[in-house]
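Per-entry structural report
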Amino acid sequence: MNEIRIVIVEDHAVVRLGLVTMLQGYDGIKVVGEAANATQGLKILQTTQPDVAIIDIGLPGMDGIEMTQQFRKYQLENQAISTNTRVLMLTMQGNENSVLAAFAAGADSYCMKDIEMDRLVEAIESTHHGSAWIDPAIASIVLSQMRHGMVSPNAESKNTVEIQAVESKYGDVLEAYPLTARELEVLELMVSGCTNVAIAERLYITVGTVKTHVRNVLSKLCADDRTEASVRALRSGIVS
């Protein structure tokens, strides 16, 4: 199995060293670079082109959100040489603006810093394989904000970024195979973190019917799992 190549961008030396030391102890993970600020981090990402970049949102100067935006811009401008590095945002901040801004800037996954190491490795592996990973504690925060409207780029917080539209390939699928009213209800409950049993109880349908709707939702959103479908629904504004 190929190793997952990691770069860690974290300004707190003790935290950074701890992450490097612990992650290096896991089979299949290799830390290929580390940086204490966004400027250094961007250079390392551009030169090492890792599989996953773990970025602290609260970096000094240019924060993790702006760094992610700058790196995504670099990737778009250098598609011929840039690999598909995925971004996992690691932070203590769980407020609505920070979470939404991180995803809007191009983060693939979002973890709280108090996450257990085994769960962080799980998040890294999921992110590397293309499945967005979002901390369960954050999912409800994002859904609550989405229900009150999309974040405006003119809001006071400098970390507030407008949520981008769903990618064209997913939009094409949804245009050809739109979600039904029932599938939308199921999707909203999925984003809320409800299990199939809970969804069945809320909608007064059988668990088997719920599973069918979930499969349809995943197919129409081109998602591999419920978490990826939830993130895409939140990013595109499908859930309201």
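Things to note about the overall build of the chain
Each helix and strand in the chain was counted, giving eleven helices and five strands. The proportion of buried residues among the 240 residues of the chain is 48%. Within the chain, residue pairs in contact and separated by at least 24 positions form 65% of the contacts whose partners lie at least 6 positions apart. When the accessible area of the chain is evaluated, it comes to approximately 11,700 Å², of which 50% is carbon and sulfur surface.

Considerations on the sheet that holds strand β2 (residues 29-35)
With parallel pairing, five strands are arranged side by side in an open sheet as β2-β1-β3-β4-β5. On the outer flanks of this sheet lie β2 and β5 (109-112), each paired with one strand and no other. Direction aside, neighbouring strands of the sheet carry axes that sit 25° apart on average. For strand β4 (residues 86-91) and β5, the ladder comprises four bridges, and the chain directions are parallel. Paired with T91 across the strands is M112, a residue of β5. Against the sheet, helix α1 (residues 13-24) contacts β1 (4-9), β2, β3 (52-56) and β4, and its axis sits at roughly 165° relative to β2.

Observations concerning the pattern of salt bridges
Under the criterion given, the structure shown has seven salt bridges. R16 serves as the salt-bridge partner of E34, at 3.0 Å between the closest nitrogen and oxygen. A residue pair is termed long-range when its members are at least 10 positions apart, and E34 in strand β2 and R16 in helix α1 qualify at 18 residues. Here R16 falls in the buried class, since its relative accessible area comes to 13%. A salt bridge links E183 to K220; the shortest N-O distance between them is 2.8 Å. One end of the pair, E183, is in helix α8 (residues 181-191); the other, K220, is in helix α10 (residues 207-220), with 37 residues separating them in the sequence. This pair shows no difference in class: E183 is buried, exactly as K220 is. One network of salt bridges, with partners in common, ties together E10, D56 and K113.

Let's talk about the packing of aromatic side chains
Taken as a whole and judged by the stated rule, the model has one aromatic pair. Ring centres 6.3 Å apart and planes at 20° place the aromatic pair F71 and Y74 in the stacked group. Linking F71 with Y74, this pair stays in helix α3 (residues 64-77), spanning three residues, or about one helical turn.

Some words on α8
The periodicity of an α-helix, 3.6 residues per turn, causes residues three or four positions apart to be oriented the same way. Those residues of α8 that sit buried are E183, V186, L187, L189, M190 and V191. One or two positions beyond α8, positive phi appears at G193, with a value near 95°.

What to know about the environment of E188
Of note, E188 is situated in helix α8. Residues E188 and A233 lie 45 residues apart in sequence; the distance between their C-alpha atoms is 8.6 Å.

Quick look at the packing of α8 against helix α9 (residues 196-203)
The geometry of α8 relative to α9 is characterised by a closest axis approach of 10 Å and an angle of 130° between their N-to-C directions. Relative to α9, the element α8 is oriented oblique. For the pair α8 and α9, the crossing hand works out as right-handed. Residues R182, E185, V186, L189 and M190 of α8 pack against I199, R202 and L203 of α9. Tallied by class, residues from the contact of α8 with α9 come to five nonpolar, no polar and three charged.

Thoughts on the confidence of the model for the chain
Confidence along the chain averages 79 in pLDDT terms, with 76% of residues attaining 70 or more. The model gives residues 146-170 a pLDDT under 50, and that stretch makes 49 contacts with residues more than four places away or in other chains.

Cut-offs applied
Residues numbered from 1 in each chain as written. Predicted model: local features only at pLDDT ≥ 70, side-chain atom pairs only at ≥ 80, totals over all residues. Heavy atoms only, no water. Helix = DSSP H or I, 4+ residues; strand = E, 2+ residues; numbered from the N terminus. Buried < 20%, exposed > 50% of the residue type's maximum accessible area, 1.4 Å probe, protein only. Contact = heavy atoms within 4.5 Å. Areas by Shrake-Rupley, 256 points an atom, 1.4 Å probe, with all protein chains shown as cover. Pairing = 2+ DSSP bridges. Axes fitted to C-alpha atoms, helices over the stretch in contact; angles between N-to-C directions. Salt bridge = Lys/Arg side-chain N within 4 Å of Asp/Glu carboxyl O. Phe/Tyr/Trp six-rings, centres within 6.5 Å; stacked < 30°, edge-to-face > 60°. Parallel < 35°, antiparallel > 145°, perpendicular 65-115°, else oblique. Left-handed = near helix turned anticlockwise from the far one by under 90°. Nonpolar A, V, L, I, M, F, W, Y, C, P; charged D, E, K, R; others polar. pLDDT = per-residue confidence, 0-100.

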